[in-house]
Amino acid sequence: MTCMDRRPYGAPSLRALPGWQPGFSLVELMISMTISLVILGALVAVFVNTSGSNNEMAKANGLIENGRLAIQVLENDIVHSGFWGTFVPQFDDQTTGGIPADVPSAVPDPCLVYNPGNWTAAYKTNLVGIPVQADDTASFCTGIVTNKRDDSDVLLVRHAEICVAGSGGNCEADIAGKLYFQSSRCQADLTSYVLNTAGFTLLQRNCATLAEKRKFVSNLYYIRDYAVTAGDGIPTLMRSQFDLTPGGNLEHQGAVAMIEGIESLVVEFGIDDVSKTGAVVDYTAAINWDDPATRTTPTNRGDGAPDGDFIRCTTASPCTAAQLMNATAVRLYVLARSRELTRGYTDTKTYALGSGTTLGPFNDSFKRHLFVTTVRLPNVSGRRMTP
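Residues numbered from 1 in each chain as written. Predicted model: local features only at pLDDT ≥ 70, side-chain atom pairs only at ≥ 80, totals over all residues. Heavy atoms only, no water.

## A word on the overall build of the protein chain
For step 1, the next point in the chain: Across its full length, the protein chain holds four helices and 13 strands.
For step 2, the next point in the chain: Taking 21 Å as the expected radius of gyration for a compact globule of 387 residues, we find that the protein chain reaches 34 Å, considerably beyond that expectation.
For step 3, the next point in the chain: Across its three principal directions, the C-alpha atoms of the protein chain cover 135 × 45 × 45 Å.
For step 4, the next point in the chain: For the protein chain, the proportion of its 387 residues judged to be buried stands at 42%.
For step 5, the next point in the chain: Just so you have it, the protein chain exposes about 19,900 Å², and 56% of that area is on carbon and sulfur atoms.
For step 6, the next point in the chain: Of the charged side chains in the protein chain, 31 are positive and 38 negative; the average position of the first set lies 8 Å away from that of the second. (Helix = DSSP H or I, 4+ residues; strand = E, 2+ residues; numbered from the N terminus. Rg over C-alpha atoms; globule rule 2.2 N^0.38 Å. Buried < 20%, exposed > 50% of the residue type's maximum accessible area, 1.4 Å probe, protein only. Areas by Shrake-Rupley, 256 points an atom, 1.4 Å probe, with all protein chains shown as cover. Lys, Arg positive; Asp, Glu negative; His and termini not counted. Charge placed at Lys NZ, Arg CZ, Asp CG, Glu CD.)

Printed below as a string of structure tokens:
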């Protein structure tokens, strides 16, 4: 035994002791670290790819959700257009025997501030007879429509509130100074209505009880080129509602942001200006029945279905009162856009928003989707349908 070997004579070496574990050599340690780094790199790559996929999926889901929500909001309002309680305009009432006296004479100013002086009987007739309007110009409602995108339309929808004022539930209380619509159900004055802030004296069918009042609804929609701050670049669907202002005026309120990421809105109308027999609609004469005995087919009134191609109202080609009063369907084109850019993506697509409107290619990194729906106006088309 050398002087360096201090084990007692006959004692086992350390490598022979039970439970003894030798350490890693330098080569083994380097191999282990290399393998660990490879695994860690793979995990990081998987995490990055998964995170990127989740972000893109969230963008796509947000894009689809916003587009569908915009279509739903517009559609739910449009289907109520032309609802005036129990009142039916004479030109759409097939039980009227004479020449209708309430045919709209002009397209009404959509955002005229209410006062008894400028809301004349003729103006009210135009409002009631033309429940839906649209245009592509920002001057459609000066002061209300601001920062409008040039490639979109302004849509205005009018009707009476579905519920009766002050009836409880989700319906608004009957508030003095607001504008209400009241129609008569008394046989003596079935063609009468009141659109005013006071003077609601029309009666129910028993000709003794006051008829119900419904709030006048006028909603204006357009696309603004920003969401919160001017220049933020997020196109947004806006809505302005006709109501009583804090100052006591009855007019369209300042527009409120509703849905972000809506880049364009184009509106087209289906016009019912031909009868079931193929003859042109004519309101200057009483209803002419093809068979007076059955009265199933009027030859000079519409049948509720759009005739020909849908039309778009523009500054260059504005719609007339005769066209809008006979609109029985509305086609909506809503172009939705993601709020955030997608790296590595370029939008080279073109989008057809109607027969004469094409947008794109935008050549940017935003993803887009076009939503199209056709909404029937049941309160207008339903009155014209015959067996």
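Now that the structure has been shown, the text picks up again.
## What about the packing of aromatic side chains?
For step 1, the next point in the chain: Under the counting rule described, the total for this entry stands at 13 aromatic pairs.
For step 2, the next point in the chain: Their ring planes at 75° and their centres at 5.6 Å tell us that Phe91 and Tyr283 sit as a pair that is edge-to-face. Of the two residues, Phe91 is situated in the loop between α1 (26-78) and α2 (121-129) and Tyr283 in the loop between β9 (262-271) and α3 (321-324); the sequence distance between them amounts to 192 residues.
For step 3, the next point in the chain: Residue classification places Phe91 among the buried residues on the basis of a relative accessible area of 3%. (Phe/Tyr/Trp six-rings, centres within 6.5 Å; stacked < 30°, edge-to-face > 60°.)

## Looking at the sheet that holds β9
For step 1, the next point in the chain: Reading across from one edge, β9-β10-β13 is the order of the three strands in this open sheet, with antiparallel pairing throughout. Edge positions in the open sheet fall to β9 and β13 (368-376), since each of these has one partner strand only. Taking the axes of each pair of neighbouring strands and ignoring which way they run, one obtains an average angle of 15° across the sheet.
For step 2, the next point in the chain: Pairing of strand β10 (residues 327-337) with β13 involves nine bridges; the strand directions are antiparallel. Along β13, the bridge assignment pairs Val334 with Phe371. (Pairing = 2+ DSSP bridges. Axes fitted to C-alpha atoms, helices over the stretch in contact; angles between N-to-C directions.)

## Remarks on the pattern of salt bridges
For step 1, the next point in the chain: This structure, assessed with the given rule, holds 16 salt bridges.
For step 2, the next point in the chain: Between Asp153 and Arg312 there is a salt bridge; the shortest N-O distance is 2.6 Å. Placement of the pair is Asp153 in the loop between β1 (132-135) and β2 (154-160) and Arg312 in the loop between β9 and α3, with a sequence separation of 159 residues.
For step 3, the next point in the chain: A relative accessible area of 0% means that Asp153 is categorised as buried.
For step 4, the next point in the chain: Overall, the relative accessible area of 19% leaves Arg312 in the buried class. (Salt bridge = Lys/Arg side-chain N within 4 Å of Asp/Glu carboxyl O.)

## Focus on the nonpolar core
For step 1, the next point in the chain: In this structure, Leu155, Phe269 and Leu332 are the most contacted members of the largest nonpolar core, which totals 37 residues.
For step 2, the next point in the chain: Secondary structure elements with two or more residues in this core: α1, β1, β2, β5 (213-224), β9, α3, β10 and β13.
For step 3, the next point in the chain: Examining the composition of this core, we find that six residues originate from one element, α1, more than from any other.
For step 4, the next point in the chain: The contact partners of Phe269, leaving out residues within four places of it in the chain, are Val132, Gln133, Ala134, Asp309, Phe310, Ile311, Cys313, Leu324, Ala327, Ala329 and Val330. (Core = buried A, V, L, I, M, F, W, Y, C linked by side-chain atoms within 4.5 Å. Contact = heavy atoms within 4.5 Å.)

## Thoughts on the pairing of β9
For step 1, the next point in the chain: Counting buried positions along β9 gives 10 out of 10 residues, so the element sits mostly inside the fold.
For step 2, the next point in the chain: The pairing of β9 with β10 spans nine bridges and is antiparallel. Counted as the bridge partner of Leu265 is Val334 from β10.

## Notes on the environment of Asn326
For step 1, the next point in the chain: Of note, Asn326 is situated in the loop between α3 and β10.
For step 2, the next point in the chain: Asn326 sits 21 residues away from Asp347 along the chain, and the two C-alpha atoms are 39 Å apart.
For step 3, the next point in the chain: If we ignore the near neighbours within four places in the chain, the residues touching Asn326 are Gly270, Ile271, Asp272, Tyr283 and Arg384.

## Focus: unusual backbone geometry
What is expected of a backbone is that most residues other than glycine have negative phi and most peptide bonds are trans.
For step 1, the next point in the chain: The amide bond that connects Gly360 to the next residue, Pro361, takes the cis arrangement and shows omega of 0°.
For step 2, the next point in the chain: The phi dihedral of Asn147 falls on the positive side, at around 55°, and the residue is not glycine.
For step 3, the next point in the chain: Within the secondary structure layout, Asn147 lies in the loop between β1 and β2.
For step 4, the next point in the chain: Residue classification places Asn147 among the partly exposed residues on the basis of a relative accessible area of 39%.

## A look at the environment of Ala257
For step 1, the next point in the chain: Structurally, Ala257 can be placed in strand β8 (residues 256-260).
For step 2, the next point in the chain: Under the relative-accessibility criterion, Ala257 is labelled partly exposed at 41%.
For step 3, the next point in the chain: With sequence-adjacent residues up to four places away left out, Ala257 is seen in contact with Arg224, Ala227, Thr236, Leu237 and Met238.

## Things to note about α2
For step 1, the next point in the chain: Residues of α2 that are buried: Tyr123, Lys124, Asn126, Leu127, Val128 and Gly129.
For step 2, the next point in the chain: Packed against the buried residues of α2 are β2, β3 (180-183), β4 (193-196) and β5.

In short, geometric facts, not functional conclusions.
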